[in-house]
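# Breakdown of the fold
Listed here are the chains, written in short residue letters.
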Amino acid sequence: MAPDMLLALLWKALVQTIHMVTVAGFIGTLIGLPIGVFLANSGKGELFAAPMTNRIVGLVVNATRSTPFIILVVAIIPFTRMIAGTSIGTSAAIVPLTIATIPFVARLIEAAIREVDRGLIEAARAMGASRWQIVTKVLIAEARPGITLALTLTLVSLIGYSAMVGAVGGGGLGDLGIRYGYQRFMPEVMLAVVVVLVLLVQAVQSAGDGLARRFDKRNRHG
Amino acid sequence: MLAIPTATPPVRDSATSVVPEASLSVPTMVAFQGVTKRFADRGGQGEFTALAGVDYTVPKGAITGIIGRSGAGKSTLIRLVNGLEVPSSGSVLVDGVDVTGLDENGLRSLRRQVGMIFQHFNLLSSRTVYDNIALPLEIAGFDRRAIKARVQPLIDLVGLSDKSGRYPAELSGGQKQRVGIARALSTEPKLLLSDEATSALDPETTQSILDLLKAINRDLGLTVLLITHEMEVVKTIASHVAVIDKGLIVESGRTFDVFTRPAHETTRALLSGLAGTKVPEAITRRLKPMAGAGDRVYTRLTFFGATAEQPLISRLMSELGSDVNIITGTIDEIAGEPYGSLVVSYAADPSVTVRADDFYRQTGLSTEVLGYGA
């Protein structure tokens with residue numbers, strides 16, 4: 001393949017991947033974060049104690065997470081059509097990606113919030129903080145390094161998932177690699193796709209790590 | 001020669017009484033009335049009784065210590081005061097307001113009048129010293145300027161003027177607790193609750209934190225209620241003490257009275273670790289309950305009171321006309337009052353002991369015969 005043609009294909013696929021990952025990541029986090037906060041604080045005797053709801057939400061989250069992504073993509077096609085108006089293309093692919101992101105983010109946020117010392121919740125209650133203030137001023141503020149790492153991991157996983165939405169015409173780097181690199185036997189395309197993906201993941205991970213380090217004031221010296 | 005201050009021992013209610021004299025004259029800050037607290041067991045079966053009916057009043061303006069072993073119920077008790085725990089029955093009054101009757105809003109405004117400090121400090125790692133102290137004010141809705149006007153003097157008060165922009169991870173344990181204290185004071189509370197605040201600190205740091213609490217109590221007139229398992233803490237700063245065991249207050253009163261004449265076995269056991277109250281084992285081991293020929297009597301003399309300093313030991317010697325051996329002894333301070341304990345021995349001869357007993361009666365010395373031996 002001519003280099004300029006390869007570059008054009010790569011660029012288009014990269015834009016599609018970034019488009020899908022950012023939109024699905026953003027909406028998924030918007031919905032997944034409160035669910036994660038809820039899961040971390042709704043056990044018996046906790047801040048938003050609702051053990052029954054906690055169990056049901058946990059069950060739904062687990063069910064979604066254990067469904068293989070490619071099956072999720074085809075299983076929710078009617079839902080995708082309802083939301084996106086179509087079941088093929090990049091915009092349509094964002095729907096299953098978002099659905100898969102929500103429980104993923106929720107569990108990671110839950111873990112990050114659970115890392116926050118319970119003593120801080122008690123201290124905040126003793127100060128007269130409302131539950132909303134405890135969530136915003138204590139839990140999320142204290143879990144910020146963990147949340148940042150969780151969202152980094154989410155983006156990296158989304159980049160991986162997005163490779164599968166070629167199945168519904170979602171496009172993106174993974175799709176490019178399968179169609180040109182594998183099905184048309186063009187190893188140079190496959191190699192280029194892999195290199196771009198590695199660089200992309202590396203960039204996201206480094207940015208996330210750096211940000212998390214900046215937020216983390218727990219192990220400062222000097 | 002020791003110059004021992006003497007006085008008639010302070011009069012106290014019968015030792016088992018749990019009604020502190022404070023309730024008779026001094027205004028009350030916190031009143032526990034028939035408070036019980038039961039928790040469901042881990043397994044969900046059965047119940048665990050943390051508090052089995054506590055009646056106790058905490059005097060206003062004083063430092064009161066509640067002491068007990070771990071699991072005695074003291075953590076539960078202090079958490080009832082600011083509504084972190086709700087009693088199963090009974091009521092808790094803070095400055096006349098029944099905490100158990102408050103709704104969420106009422107509870108939040110009460111908590112702004114009650115500061116709390118913790119064993120593990122519970123500072124936000126993501127906030128600087130300044131921002132940690134500012135947190136209760138942010139929560140209460142103060143604006144930036146009002147917050148600054150409150151926080152800056154508090155940072156100076158606790159001696160952290162140069163650490164304002166530091167994060168907790170950069171501070172020592174003692175400095176962290178100072179931040180905790182400043183934070184607890186930021187909403188200008190009338191009551192400060194201290195939950196084992198010095199238990200994670202070394203002795204020297206403990207002393208400096210206790211000094212700070214004492215100064216706050218004195219200068220701001222703030223009532224302090226602290227729980228601890230360390231007798232030293234109570235001895236050093238608390239003017240009043242309550243001993244809690246198995247969910248009940250078993251003894252209470254002025255710290256000096258309770259510590260110098262402990263009536264309950266739990267109090268005695270807790271006190272046994274205190275320097276000067278325990279007779280060395282080397283001595284107790286060779287003592288017999290009955291006097292044999294040529295034996296000496298081993299007696300513990302206890303001195304307290306701040307009045308009339310008299311050279312009692314030299315008078316005892318001349319009174320007995322016999323030599324007096326000083327075995328062990330200590331002069332100490334309990335809640336700011338001098339206290340002495342001395343173990344002496346002299347001939348168990350009746351002619352000597354009769355004169356000794358006379359002398360004790362005349363001077364009002366509190367004594368205890370430990371045993372007889374060579």
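Within any chain, residue numbers begin from 1 and follow the written order of that chain's sequence. Throughout, the order in which chains and ligands are written sets their labels, letters from A for the former and numbers from 1 for the latter. Reporting of local features is limited, given that this is a predicted model, to residues whose pLDDT is at least 70; pairs of side-chain atoms are given and counted only at 80 or more, and all residues count toward the totals for whole chains, interfaces and linings.

Looking now at the overall build of chain A. When helices and strands are tallied, chain A shows ten helices and zero strands. Going from N to C terminus, chain A has its helices and strands arranged as α-α-α-α-α-α-α-α-α-α. Within chain A, buried positions represent 42% of all 222 residues. Any residue pair is listed as a contact if its two C-beta atoms, each placed from the backbone, are within 7 Å. If you take every contact in chain A between residues at least 6 apart in sequence, the share linking residues at least 24 apart comes to 71%. Note on conventions: DSSP H or I runs of at least 4 residues are helices, E runs of at least 2 residues are strands, and numbering of each starts at the N terminus. Labels follow a simple rule on C-beta atoms placed from the backbone: if 20 or more others lie within 10 Å of a residue's own, it is buried; if 12 or fewer, it is exposed; otherwise it is partly exposed.

For the rest of this paragraph, the subject is the packing of helix H12 (residues 312-320) of chain B against helix H13 (residues 350-363) of chain B. Residues and elements named next belong to chain B. To obtain an axis, a line is fitted to C-alpha atoms, over the contacting stretch when the element is a helix, and the angle between two such axes runs from 0 to 180 degrees between their N-to-C directions. Between H12 and H13, whose axes approach to 9 Å, the crossing angle comes to 145°. Note on packing geometry: the crossing formed by H12 with H13 is right-handed. Together, Leu312, Leu316, Glu319 and Leu320 of H12 and Val352, Arg355, Ala356, Phe359 and Thr363 of H13 make up the contact between the two elements. For this scheme, ten residues count as nonpolar: Ala, Val, Leu, Ile, Met, Phe, Trp, Tyr, Cys and Pro. Four count as charged, namely Asp, Glu, Lys and Arg, and the remainder, Gly too, count as polar. Among the residues forming the contact of H12 with H13, the class breakdown is six nonpolar, one polar and two charged. A clockwise turn of the near helix away from the far one marks a right-handed crossing, whereas an anticlockwise turn of less than a right angle marks a left-handed crossing.

Generally speaking, a soluble globular protein has its nonpolar side chains buried in company with each other. In terms of nonpolar packing, the biggest core is built from 150 residues, with Leu97 and Ile109 of chain A together with Val81 and Leu225 of chain B touching the most fellow members. Take this core: its biggest share by element is 15 residues, from helix H5 (residues 90-114) of chain A. Split by domain, the residues of this core number at least three in each of domain 1 (15-113 + 189-271) and domain 2 (281-373) of chain B. With residues near it in sequence (within four places) discarded, leucine 97 of chain A still touches Met20, Ala24, Leu158, Tyr161, Ser162 and Val165 of chain A. In plain words, the nonpolar core is the set of buried Ala, Val, Leu, Ile, Met, Phe, Trp, Tyr and Cys residues that C-beta atoms within 7 Å link up. Where each domain begins and ends follows an automated or database-derived domain assignment.

The next subject is the pairing of strand E10 (residues 240-245) of chain B. Residues and elements named next belong to chain B. Summarising burial for E10: six of the six residues are buried, a large majority. Of the two faces of E10, the one carrying His240, Ala242 and Ile244 and the one carrying Val241, Val243 and Asp245 are both buried. When DSSP finds two or more bridges between two strands, those strands count as paired. Here four bridges tie strand E4 (residues 63-67) to E10, and the two strands are oriented parallel to one another. For threonine 64, the partnering residue across the bridge sits in E10 and is histidine 240. Both E10 and strand E11 (residues 248-254) contribute to a ladder of six bridges, which runs antiparallel. By the bridge assignment for E11, histidine 240 is matched with arginine 254. Counted between consecutive antiparallel strands, the loop separating E10 from E11 contains two residues, among which lysine 246 sits at a positive phi close to 50°.

All names here are of chain A. Relative orientation of the contacting elements helix H1 (residues 3-41) and helix H9 (residues 173-183) amounts to 140°, with a least axis distance of 7 Å. Considering their axes alone, H1 and H9 lie oblique with respect to each other. Where H1 abuts H9, its residues Leu9, Ala13, Leu14 and Thr17 lie against Leu173, Asp175 and Leu176. Of the residues belonging to the contact of H1 with H9, the class tally is five nonpolar, one polar and one charged. Angles are sorted into four bins: roughly parallel if under 35 degrees, roughly antiparallel if over 145, roughly perpendicular if 65 to 115, and oblique for all others.

On to the domain arrangement of chain B. Residue and element names in this part refer to chain B. Along its sequence, chain B is organised into domain 1 (15-113 + 189-271) and domain 2 (281-373). On a C-alpha basis, the centres of domain 1 and domain 2 stand 36 Å from each other. Contacts between domain 1 and domain 2 engage seven residues on the former and six residues on the latter. Ranked by the residues each element gives to the side of domain 1 that touches domain 2, the list is headed by helix H9 (residues 255-260), at four residues. Looking at side-chain class alone, the side of domain 1 that touches domain 2 contains three nonpolar, three polar and one charged residues.

Residue and element names in this part refer to chain B. With ten bridges joining them, strand E2 (residues 28-40) and strand E3 (residues 47-59) adopt antiparallel strand pairing. Looking at E3, one finds that phenylalanine 39 is bridged to phenylalanine 48. Bridge count between E2 and strand E5 (residues 89-94): five bridges; the pairing is antiparallel. Residue pairing across strands places glutamine 33 opposite serine 91, the latter belonging to E5.

Here we take up the sheet that holds strand E6 (residues 97-98) of chain B. Two orientations exist for strands paired in a sheet by backbone hydrogen bonds: parallel and antiparallel. Residues and elements named next belong to chain B. Strand order in the open sheet formed by four strands is E3-E2-E5-E6, and the pairing between neighbours is antiparallel. Across the chains shown, the open sheet's two edge strands, defined by having one partner strand only, are E3 and E6. Looking at chain direction, E5 and E6 are connected through two bridges and run antiparallel. Along E6, the bridge assignment pairs leucine 93 with aspartate 98. Contacts between helix H2 (residues 74-81) and the sheet are confined to E2, E3 and E5, with E3 contributing the most and set at about 60° to the helix.

Once that is clear, we can look at the sheet that holds strand E9 (residues 223-228) of chain B. Residues and elements named next belong to chain B. Taken in spatial order, the six strands make up an open sheet running E7-E8-E9-E4-E10-E11, and their pairing is mixed. The open sheet has two free edges, formed respectively by strand E7 (114-118) and E11, since each of these has just one partner strand. Averaged over neighbouring strand pairs, the angle between their axes works out to 15° when direction is ignored. Bridge count between E7 and strand E8 (residues 191-195): five bridges; the pairing is parallel. Of the residues in E8, the one forming a bridge with glycine 115 is leucine 192.

Our next topic: the interface of chain B and chain A. With 21 residues of chain B at the interface, the matching set in chain A holds 20 residues. Sorting the residues of the side of chain B that touches chain A by element identifies helix H3 (104-111), E7 and helix H4 (129-139) of chain B as the ones contributing at least two each. The dominant element in the side of chain B that touches chain A, judged by the number of residues it contributes, is H4 of chain B, at four residues. Class assignment for the residues of the side of chain B that touches chain A results in ten nonpolar, six polar and five charged.

Residue and element names in this part refer to chain B. As for its placement among the helices and strands, glycine 165 is situated in the loop between helix H5 (144-157) and helix H6 (173-185). Glycine 165 sits in the exposed class, given 10 other C-beta atoms within 10 Å. Counting along the chain gives 34 residues from glycine 165 to aspartate 131, while the straight-line C-alpha distance between them is 8.4 Å. Aside from chain neighbours lying at most four places away, what touches glycine 165 is Thr128 and Tyr130.

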